[in-house]
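Here are the chains, one letter per residue:
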Amino acid sequence: MVKTTENILLIAAAVILAGVSYAAAEGDFYKEALITGGYSDNDQWIGSSGRGMRNAVGFEYFRKFSDEYGDYMTMDIQMRFAYEDRESGDDAFGLEIHNAWLDFNTGLGSALRVGHFSPAFGLEPLIDTHSSLLQTLAMKNIGFKKDWGLGYRGLLGDFDYQVAAQLGSGMSIMAEDDNYLLSGRISTSQTRDKQLGLSVLYGRTLQASEMWTIPKPRLMSNESVLKKRVGIDYQSPLWLFDFKTEAAFGEDDGETVGGAMAQIEYTLPQQQRTKLKMQTIYWSDSLEDKNLRDLTLLPVIEHQLSDTTTLRAGYYHDLHSRKDEDKMVVVQLYYYGK
Amino acid sequence: MKKAITIFIINLIVCGGLFAAVGCTLNDPDRDIRRLFPKATNYKTEFITIKERGGEELLKETQKKLGDKFEPVYESIDVPYAYYTVLHKKDIIGYVHGVNQKGRFGGMQLILATNSAGVILDFYYQKITSPESKKFRGKDFTGLLKNLSLKEFYTTDIKEKIKDPSEKNSQDYHATIRGIKKNLILLDEFKLENKYDKYFYKDENKQNKENDHEKDND
């Protein structure tokens, strides 16, 4: 029964993607490519960051559907063929589906979303990190950045809110050990330059060993993890800088976990194609066990070479790591254009 | 899988060439439009580029009307400008549209709400990085834009009406005025069928008529 459900969902995803290909003539179609490489103390020369950034080519298709009464539906599909140099043979190649969602307007200020999208928790639903060296806390906190399911967003007085009911399986569609994920976030209005958000999350999630959708990734365990979380996030201009931070705390199968991220960004006034960024990110899978914590400093310089191409260089410096502490330089060339 | 990736890469190399940059969209259009147009029932979103609408010719004409060259980081020819046409049932009651503008310390995002004739109802910064951002965001400054249209930008010295609110950041003030004018020029081009061209070309038309008159006399 479970396998049948998985197959039906995979077929549904394939049908959606086929529909996109047909409809692409009407919307905005962008190609994208990521070339990533660097040097790590632990692994020497590398072809990926090992932290979500791989060599990949793909596309994004975005379209608004409207009639004489206005917009009634929005679609976004973003997928990449990726190569993971830490794997070998066919295991090194995969198809990553990042965004694959449809928004149905249910009134001015509310919409129902179906497909693959960010859980309603923390900064991840607000920030596009799919090509960035700097990530939010989502990967460490939830285990993935996007998941399959249903979501709803609306306005509550001066506040924005969103809720989501998803599979808890991340990039791919999988059913194992009653996995599911419920999340919700309420925040001050996104129209303001300062935003404060509060989030909650509850569910049983699966942890995959590969971060792609097809072929179906291997599970690190056949047992789902019961996750409970509360989170807070904040972003604001801070004098000449852009500042972002978030923190999340809770339990994984009864173990107390938590972490935080802070990021600051500066645009060079005389050379506005260049940005300097600094992030620090901390996560502990057991607040009582110092061996299960990660703390990384990550300065990044980003230079826009042209309208479509950006060069990024980052330095990962592990101050603490549950594995071998590493120091790594990663360079990334990113293309996004029609 | 490897074969599929190879084909995809070849396709990318063959088809690549047309570029797009990031435009200025509203962070929360539903809330903005509800606030700016309480009677709105919905809105229609369009992404329009100068490249698609008129290419290099239109770029040149827009720069001529603006009186300045476009800047490559924020104003490339294929930047998609987001236009939100605000509706009450089927009737157009206004527009909301934003532009990116180079500021002293980074990109600014300037948002205008206009009625269906292109008269400004509201103006605000969605993003501004400045030590004096509070002064720029203040109603004392943004309120001065209300009820103006492209006509005033073409026919009067707008900086006489709208004074610099800052003490040490006049560069951001000049950038704001430039960005708003650009925003209105593009609205006129993309949505209002160039109804304000008569004010821009007034002197040029007058000069042409005078030339014609002189020729007739000769």
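The rules behind the values
Every chain's residues receive numbers from 1 upward, in the order its sequence appears when written. The naming scheme follows written order: chains are lettered A onward, ligands numbered 1 onward. Side-chain atom pairs in this predicted model are given and counted only at pLDDT of 80 or more, local residue features only at pLDDT of at least 70, and totals for whole chains, interfaces and linings cover all residues. Computation of side-chain values: all heavy atoms of the structure, hydrogens and water removed. Only DSSP runs of H or I with at least four residues qualify as helices, and only runs of E with at least two residues qualify as strands; both kinds are numbered from the N terminus onward. Buried means the residue's accessible area, taken with a 1.4 Å probe over protein chains only, is under 20% of the maximum for its type, while exposed means over 50%, and partly exposed covers the values in between. Contacts between residues were defined by any pair of non-hydrogen atoms, one from each residue, lying within 4.5 Å. Side-chain atoms within 4.5 Å are what join buried Ala, Val, Leu, Ile, Met, Phe, Trp, Tyr and Cys residues into a set we call a nonpolar core. Here the buried area means the combined drop in accessible surface, using a 1.4 Å probe, for two parts upon being joined, counting both sides. Throughout this description, the term salt bridge denotes a Lys or Arg side-chain nitrogen within 4 Å of a carboxyl oxygen of Asp or Glu. Counted as a polar contact is a pair of N or O atoms within 3.5 Å, where, for protein atoms, one must be capable of donating a hydrogen and the other of accepting one, and residues adjacent in sequence contribute only when both atoms are in side chains. The classification used treats Ala, Val, Leu, Ile, Met, Phe, Trp, Tyr, Cys and Pro as nonpolar, Asp, Glu, Lys and Arg as charged, and all other residues, Gly among them, as polar. Here the aromatic set is Phe, Tyr and Trp, taking the six-membered ring for Trp, and pairing holds for ring centres within 6.5 Å; pairs whose planes are under 30 degrees apart are stacked, those over 60 apart are edge-to-face, and all others are tilted. Only when the NZ of Lys or the CZ of Arg is both within 6 Å of the ring centre and within 35 degrees of the ring normal is a charge said to sit over the ring.

- As annotated in an unreviewed UniProt entry, chain B carries the name Lipoprotein and is attributed to Limihaloglobus sulfuriphilus.

- The name given to chain A in an unreviewed UniProt entry is Phosphate-selective porin, and the organism recorded there is Limihaloglobus sulfuriphilus.

### A closer look at the overall build of chain B
And then number 1: Along its length, chain B carries eleven helices and five strands.
And then number 2: By the burial criterion, 52% of the 218 residues in chain B qualify as buried.
And then number 3: Within chain B, contacts between residues at least 6 apart in sequence are counted, and of these 65% link residues at least 24 apart.

### Let's talk about the environment of E87 of chain A
Residues and elements named next belong to chain A.
And then number 1: As for its placement among the helices and strands, E87 is situated in the loop between β4 (70-83) and β5 (93-107).
And then number 2: With 123 residues separating them along the chain, E87 and E210 place their C-alpha atoms 9.8 Å apart.
And then number 3: Ignoring anything within four residues of it in the chain, the contact list for E87 reads A92, E210 and R218.

### Digging into the nonpolar core
And then number 1: Membership of the largest hydrophobic core comes to 39 residues, with the highest contact counts inside it found for I50, Y81, Y125, L145, F153, I180 and F190 of chain B.
And then number 2: Secondary-structure elements contributing two or more residues to this core are α4 (55-66), β2 (81-88), β3 (91-102), β4 (107-114), β5 (120-127), α7 (150-155) and α9 (170-190) of chain B.
And then number 3: With nine residues, α9 of chain B is the single largest residue contributor to this core.
And then number 4: With 17 residues, the next largest nonpolar core counts Y61, F65, I77 and I173 of chain A among its residues.

### Brief notes about the environment of Y316 of chain A
Residues and elements named next belong to chain A.
And then number 1: With respect to the element layout, Y316 can be found in strand β16 (residues 309-320).
And then number 2: Of the residues examined, Y316 reaches a relative accessible area of 3% and is grouped as buried.
And then number 3: In sequence terms Y316 and T280 are 36 residues apart; their C-alpha atoms lie 9.7 Å from each other.

### Side note on the interface of chain A and chain B
And then number 1: Of the residues lining the interface, 50 residues belong to chain A; the matching set on chain B comes to 48 residues.
And then number 2: For the chain A and chain B pair, buried surface summed over both sides reaches about 4300 Å², with 59% attributable to carbon and sulfur atoms.
And then number 3: K338 of chain A is the partner of E52 of chain B in a salt bridge, and the nearest nitrogen-oxygen pair spans 3.1 Å.
And then number 4: Inspection of the chain A/chain B interface yields 19 residue pairs in polar contact (both at pLDDT 80 or more).
And then number 5: Listed by contribution, the elements that provide at least two residues to the side of chain A that touches chain B are β1 (28-40), β3 (55-67), β4, β5, β7 (147-156), β8 (159-166) and β17 (327-337) of chain A.
And then number 6: At seven residues, the largest contribution of residues to the side of chain A that touches chain B is made by β3 of chain A.
And then number 7: Each residue belonging to the side of chain A that touches chain B can be placed in one class, and the counts come to 19 nonpolar, 16 polar and 15 charged.

### Here we look at the side chain of T45 of chain B
And then number 1: Looking at the secondary structure, you find T45 of chain B in strand β1 (residues 42-48).
And then number 2: For T45 of chain B, a relative accessible area of 7% corresponds to the buried category.
And then number 3: Side-chain polar atoms of T45 of chain B contact the side chain of D71 of chain A, separated by 2.5 Å.

### Considerations on the packing of aromatic side chains
And then number 1: Scanning the model with the defined rule gives 20 aromatic pairs over all chains in all.
And then number 2: Ring centres 5.0 Å apart and planes at 50° place the aromatic pair Y154 of chain B and F200 of chain B in the tilted group. With Y154 of chain B in helix α7 and F200 of chain B in helix α10 (residues 197-200), this pair connects stretches of sequence that are 46 residues apart.
And then number 3: By relative accessible area, Y154 of chain B is classed as buried at 14%.
And then number 4: When its relative accessible area of 22% is taken as the criterion, F200 of chain B is described as partly exposed.
And then number 5: Looking at R113 of chain A, its charged tip hangs above the ring of F117 of chain A, at a distance of 5.9 Å from the centre.
And then number 6: Stacked on the ring of F70 of chain B, the Lys or Arg K182 of chain B has its end atom at 5.8 Å from the ring centre.

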